[in-house]
Amino acid sequence: AKEQGRNTYQFYTEGMQEREVRRLELDHDLSEALARNQFELYFQPQLDLVTSRACSVEALIRWNHPQRGLVPPVEFIPLAEESGRITEIGRWVIRAACQQIRKWRGTPLENMRIAINLSGRELGEADLTDYLARCFREFSVEPQQLEIELTEQTFIENVEHNHQQMRRISDLGVHLAIDDFGVGYSSLGYLRDFTVDLLKIDRSFITDVAERHDDAVITRAVINLAHNLGIRVVAEGVETEQQLLFLKQHHCDMAQGYYMSRPVPAGDLPAVIARGLLP
Ligand code: C2E
Ligand code: CA
Ligand code: CA
Ligand code: CA
């Protein structure tokens, strides 16, 4: 039994070591990916429920891996956050989004806003606002054309520092959105304390919103709460006409999800927008 215990322990350490090796490999691959320009932004339109037109798009990162193909963010963003590599990736995202806004100038996508995702770790970087301002200048982008999505955790971690950073970003003219609203911590105080322009209701409330009474009640309450605070609301993960009708009926401002469009490469976006987001 003693021997077995030892083997188990050794097996366990081997497992840990293997995992550590894989982590290091992935981190090395991520730095290569940055150097070789293997990242790409996909864009998912957000439908304005009043005008029935696309007013903005969310930028979602993809990794074109030479061997593994298109790698989704869940497979590398969490590790990049742990290793700190997320800072460089985030900077790449900010720059690519600004570059894209400039490319759209003089085309039908001229007034499209881009929402990017930033992790708490990126918000922690002292020179983030300088970097944003530099990119705006380089690509002559109006700060109002960029939105930054932050998850609820960001509003309750490092409160003082994050609060200051958000104020500085907001002072630049960049809009802030709370991502995945409703699945994090339940403190609502930050809605009062922070300058928030948009709130994104998490997909988990939307999935059954047209069938389940409790999801409907929560979604309606969140829309009313936000509106009474002067915050606009986006519903995430809209996949059916029934969900969309419910959201329209209850005065949700915007909807995003596969029912309108999946995230697409920049080259496909003009056609998606031109054909309209509704059948
Ligand atoms: P998120 O910010 O909540 O993004 C929404 C995710 O839901 C996206 O997954 C999107 O493709 C997916 N989605 C959109 N509509 C629907 C729908 O109708 N049904 C379903 N089932 N899913 C839908 P994706 O692109 O795989 O991104 C996953 C997460 O990775 C994002 O969640 C975000 O947290 C993170 N992420 C993506 N891009 C970036 C980035 O550039 N920087 C950072 N820090 N995180 C990113
Ligand atoms: Ca998001
Ligand atoms: Ca989300
Ligand atoms: Ca999410």
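What comes next concerns the included structure. Only a predicted model underlies this, so the values are computations on that prediction, with no experimental measurement involved.

What follows covers the coordination of the calcium ion (ligand 3). Distances from the calcium ion (ligand 3) to its protein donors, Asp-179 (OD), Asp-180 (OD), Glu-236 (OE) and Glu-236 (OE), fall within 2.2 to 2.5 Å. Coordination of the calcium ion (ligand 3) draws on donor residues from a single chain, spaced D-D-x55-E in sequence. Distance-wise, the calcium ion (ligand 2) is placed 3.9 Å from the calcium ion (ligand 3), both being coordinated by Asp-179.

Coordination of the calcium ion (ligand 2) by the protein involves Glu-58 (OE), Asn-117 (OD1), Glu-149 (OE) and Asp-179 (OD), with metal-donor separations of 2.1 to 2.3 Å. All donors of the calcium ion (ligand 2) belong to a single chain; written as a sequence motif, their spacing is E-x58-N-x31-E-x29-D.

Contact geometry for helix H3 (residues 86-104) and helix H5 (residues 128-138): axes closest at 9 Å, N-to-C directions at 25°. Classified by the interaxial angle, the pair formed by H3 and H5 is roughly parallel. Crossing hand, H3 versus H5: right-handed. Where H3 approaches H5, its residues Arg-91, Ile-94, Arg-95, Cys-98 and Arg-102 are matched on the opposing element by Leu-128, Tyr-131, Leu-132, Cys-135, Phe-136 and Glu-138.

Close to ligand 1 lie 22 residues, the nearest being Gln-44, Arg-62, Asp-179, Glu-239 and Tyr-258. Arg-62 places a polar side-chain atom, nitrogen or oxygen, 2.8 Å from an oxygen atom of ligand 1. Here Asn-117 contributes a side-chain N or O atom positioned 3.1 Å from an oxygen atom of ligand 1. In the complex, the protein chains occlude 81% of the 810 Å² of accessible area that ligand 1 would expose alone. Counting residues per element, the ones that place at least two in the shell around ligand 1 are strand S2 (53-65), H3 and strand S6 (175-181). With 4 residues, S2 is the single largest residue contributor to the shell around ligand 1.

The rules we used
- Once a new chain begins, its residue numbering starts again from 1 and follows that chain's sequence as written.
- Here every chain gets a letter starting at A, and every ligand a number starting at 1, in the order they are written.
- With the structure being a predicted model, the display of local features is reserved for residues of pLDDT at least 70 and the display and counting of side-chain atom pairs for 80 or more, all residues being used for whole-chain, interface and lining totals.
- Processing note: side-chain calculations cover all non-hydrogen atoms of the structure and skip hydrogens and water entirely.
- With water omitted from the atoms examined, metal sites may look incomplete; donors here are N, O and S atoms no farther than 2.8 Å from the metal, or 3.2 Å in the case of Na, K and Ca.
- Geometry is summarised by axes, namely lines fitted to C-alpha atoms with helices restricted to the contacting stretch, and by angles between N-to-C directions that run from 0 to 180 degrees.
- Counting from the N terminus, the helices are DSSP H or I runs at least four residues long and the strands are E runs at least two residues long.
- Here the angle decides the label: under 35 degrees means roughly parallel, over 145 means roughly antiparallel, 65 to 115 means roughly perpendicular, and every other value means oblique.
- Here a crossing is taken to be left-handed if its near helix is turned anticlockwise relative to the far helix by less than a right angle, and right-handed if that turn runs clockwise.
- The contact criterion used throughout is that any non-hydrogen atoms of two residues lie within 4.5 Å.
- Put simply, a residue is near a molecule or strand once any heavy atom of it comes within 4 Å of that molecule or strand.
- Within 3.5 Å is the distance limit for a polar contact, defined as a pair of N or O atoms, with the added protein rule that one can donate a hydrogen and the other accept it, and that residues adjacent in sequence qualify only through two side-chain atoms.
- Only the protein chains shown count as covering a residue, and every accessible area follows the Shrake-Rupley method with a 1.4 Å probe.

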